[in-house]
Amino acid sequence: MSQLATGETRSAPLEATGHRWRWLALAVILTAEVMDLLDVLITNLAGPAIRAELGGSASLIQWLGAGYTLAMAVGLITGGRLGDLYGRRRMFLIGVLGFTAASAVCAVATSPGMLIAARVAQGLFGAVLLPQGLGIIKEVFPPQQLAAAFGAFGPVMGIAAVGGPILAGWLVDADLWGTGWRAIFLINLPLGLLATAGALRFLPESRPAHASRLDLPGVGLGAVGALLLVYPLVQGREQGWPTWTYAMMAAAVLVFAAFGRYEVRRQRAGKDPLVVPSLFRRRAFTGGLVVGLAFFTGLTGFSLVFSLYLQLGLGWSPLRAGLAGMPQAIGMVLAFVVAGAGLARRLGRTLIHVGLAVVVVGVAGMLLTLRLVDGELTAWQLVPALLPVGFGMGLVMAPFFDIVLSGVEEAETGSASGTLTAVQQLGGALGVALLGTVFFAEFPDGPGPAVRLTLWAEIGLLALTFGAAFLLPRQARESADAAH
């Protein structure tokens, strides 16, 4: 084993050549990324089967996704700083072992509360695990190979996005050894153990020369604000929207305002804030938060409602529903390939608007398909709508992160990327809560009216995203120039 693999200091010659085991280290990091992506996707498909066995209300299906993404959103920024303080390899190991253990608890859950709690634990450990990969990759690869290393994420994530729902549907339908839906969590055990063994053997220990201190009060305020916003959106419908649901959402605004004031005071006191306040003076970053929140709310909510409609509304099996969603995933992968050929850099913000327009065309096509289909709906009839939905979503994401982060100063990069990723996860939680609630509220009148109303809500979110995108600079370089 090399010196890096044992956690010793990197020597000067190794800086130029890179870590001996760097490609195997990348494989370990990608394994962890695939675990996270699978756990985001699979519960949308397995939710109806889980509820059928464990019982509980319709909100259980929403909390399976919202609990995970909400916990991830709260923990992501701090997760990266834990790696800076205590070592990225050490926190990677803690994250992957905790994630694997939480997956085992999910697999043996005997009640809705136990399963939701385990999902929250998965999200928290995932927030510790995922941020370490970026820092380790930058540490072990020489500059000339970084592009190739990061380029590996696209194909691997694309394969996981296409194959994950199909795998989940097959596992639930196959009912291997009587495990049913529990197999979707059991599959994390060999993946987690493989990632652990690989981390012990191939990952170096690394940490920056200067590490920001933890802002635990800031984490607490952010967590309370997010919970006050998401909880009433999920539970309000079943309770008949009592006064306390509106009071909680109003309180969320006040808590987020208090969070902002606290962060400013913390920075003025010479301490490290969770979110650097100066970021909000940057047009690209503030616009990116609004665009990201609206877009990822719509993206995640659409995926959930589509799966619920096929299974609860049309009675399709999880495997059939997973196969039906393939065109959307394939469209997204194709968009990344097309945009990666230089289109994202050339068009910048225009590509985001084009992508959103393509998604609207796809959603409108789905509305038209549902109206025109006479008799039983087939998966093939959905392909012309789902392909543009996925393709447009991929076009939006291709230039998005580059535009938003390019104007950020070097000292603000960690806070900015962590905050943006956390907002992405918060959008996922809001999408499950908001569009899931719209769907279930209308479901007693029939699956058709429920899915149509939800698709119109999706178009509303896309229109909001389209307008908010004008807050972004036209090109990433404009964002960078404005920072100087």
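Notes on the structure in this doc start here. This is a predicted model, so every value here is computed, not measured.

1. Quick word on the packing of aromatic side chains
Scanning the model with the defined rule gives 15 aromatic pairs in all. Between F295 and F296 the ring centres are 5.2 Å apart and the planes differ by 75°, which places this aromatic pair in the edge-to-face class. The exposure classification of F295 matches that of F296, with both residues buried. Aromatic ring contacts, followed pair by pair, group F295, F296, F400 and F401 into a single cluster. Across from the ring centre of W316, 3.9 Å away, lies the NZ or CZ of R320, which sits over that ring.

2. With respect to the nonpolar core
In terms of nonpolar packing, the biggest core is built from 93 residues, with I50, L115, V230 and M366 touching the most fellow members. Broken down by element, the residue count for this core peaks at 13 residues, all from helix α13 (residues 283-313). Look past the residues within four positions of L115 in its chain and what remains in contact with it is I50, L54, L64, C106, A109, W181 and F185. Among the nonpolar cores identified, the runner-up in size contains 25 residues, and A25, I29, F92 and L203 belong to it.

3. Some words on a nonpolar patch on the surface
A cluster of nonpolar residues, V105, V108 and M114, forms a patch on the protein surface that exposes about 220 Å² of accessible area. The residue V108 is located in the loop between α4 (88-107) and α5 (112-129) in this model. A relative accessible area of 52% means that V108 is categorised as exposed.

4. A look at helix α11 (residues 216-239)
The terminal C-alpha atoms of α11, which comprises 24 residues, lie 33 Å apart, in line with the 34 Å expected from a rise of 1.5 Å per residue. L233 marks the point of greatest bend in α11, at about 30°. Listed as buried for α11 are G218, V219, G222, G225, A226, L228, V230, P232, L233, V234, Q235 and G236. The backbone nitrogen of G218 has a side-chain oxygen 3.0 Å away, supplied by the residue at the start of α11, namely D215.

5. Thoughts on helix α19 (residues 447-468)
Over its 22 residues, α19 runs 31 Å from end to end, which matches the ideal 32 Å to within 8%, given 1.5 Å per residue. Taken together, the buried positions of α19 are occupied by G448, A450, V451, T454, L455, E458, I459, L461, L462, T465 and A468.

Parameters and conventions
- Residues numbered from 1 in each chain as written.
- Predicted model: local features only at pLDDT ≥ 70, side-chain atom pairs only at ≥ 80, totals over all residues.
- Heavy atoms only, no water.
- Phe/Tyr/Trp six-rings, centres within 6.5 Å; stacked < 30°, edge-to-face > 60°.
- Buried < 20%, exposed > 50% of the residue type's maximum accessible area, 1.4 Å probe, protein only.
- Lys NZ or Arg CZ within 6 Å of the ring centre and 35° of its normal.
- Core = buried A, V, L, I, M, F, W, Y, C linked by side-chain atoms within 4.5 Å.
- Helix = DSSP H or I, 4+ residues; strand = E, 2+ residues; numbered from the N terminus.
- Contact = heavy atoms within 4.5 Å.
- Patch = residues over 30% accessible without salt bridge, like charges linked within 9 Å, V, L, I, M, F, W, Y side chains within 5 Å.
- Areas by Shrake-Rupley, 256 points an atom, 1.4 Å probe, with all protein chains shown as cover.
- Salt bridge = Lys/Arg side-chain N within 4 Å of Asp/Glu carboxyl O.
- Expected span 1.5 Å × (residues − 1).
- Bend = angle between axes of the 7 residues up to and from the residue.
- Polar contact = N/O pair within 3.5 Å; in protein donor to acceptor, adjacent residues only side chain to side chain.

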